[in-house]
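# Results of the structural survey
This is what each chain is made of:
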Amino acid sequence: MSEEIISIDSVDQYNKCYGFTTLHPYVSVVDMTEAKKWVNHIKFRYGVYALWLKDGKQCTLRYGRREYDYQDGTIVSFAPGQVVQVDMTDEQIAHPGHTLGLLFHPD
């Protein structure tokens, strides 16, 4: 597992991680079923706000020392400064489920 931390200081940086097109520099709506590439077993340091509506268990998230198992219909939020570890199984990558995200810059 990588100890590398990827700083996500812009909407565009996040979009590039997953192969999304950036249509606006300050806000993005993403559907993870449309991701063109994946990063896995990685830590993100968010510099943007993010809200996620998860429809299933697409990944395991870890804040600090605690692992969170988000299930169907969960809303997950991240704020600038939070570090989150994302881990997915090969099955979760192959069938990502329906997860929608809204990312926006603090400005």
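Residues numbered from 1 in each chain as written. Predicted model: local features only at pLDDT ≥ 70, side-chain atom pairs only at ≥ 80, totals over all residues. Heavy atoms only, no water.

### Some words on the pattern of salt bridges
Tallied over the full model, the rule gives one salt bridge. Put simply, K16 and D12 hold a salt bridge, and the shortest N to O gap is 3.1 Å. With a gap of four residues between them, K16 and D12 both fall in helix α1 (residues 11-18), about one helical turn apart. Since its relative accessible area comes to 52%, K16 is described here as exposed. (Salt bridge = Lys/Arg side-chain N within 4 Å of Asp/Glu carboxyl O. Helix = DSSP H or I, 4+ residues; strand = E, 2+ residues; numbered from the N terminus. Buried < 20%, exposed > 50% of the residue type's maximum accessible area, 1.4 Å probe, protein only.)

### Considering unusual backbone geometry
Even without a glycine there, the phi angle at H41 is positive, about 50°. Turning to its location among the elements, H41 is positioned in the loop between β2 (27-31) and β3 (42-46). Overall, the relative accessible area of 34% leaves H41 in the partly exposed class.

### Re the layout of surface pockets
A volume near 160 Å³ is recorded for the largest pocket. Contributing to the lining of the largest pocket are F20, T21, L23, H24, V27, S28, V29, V30, D31, E34 and K36. Per-class residue counts for the lining of the largest pocket are five nonpolar, three polar and three charged. (1 Å grid on protein atoms, 1.4 Å probe; cavity = no way out; pocket = protein on both sides within 12 Å on 5 of 7 lines; lining within 4 Å. Points joined across faces, edges and corners; volume = space filled by probe spheres on them. Nonpolar A, V, L, I, M, F, W, Y, C, P; charged D, E, K, R; others polar.)

Geometric descriptors of this kind do not, in isolation, establish any biological role.
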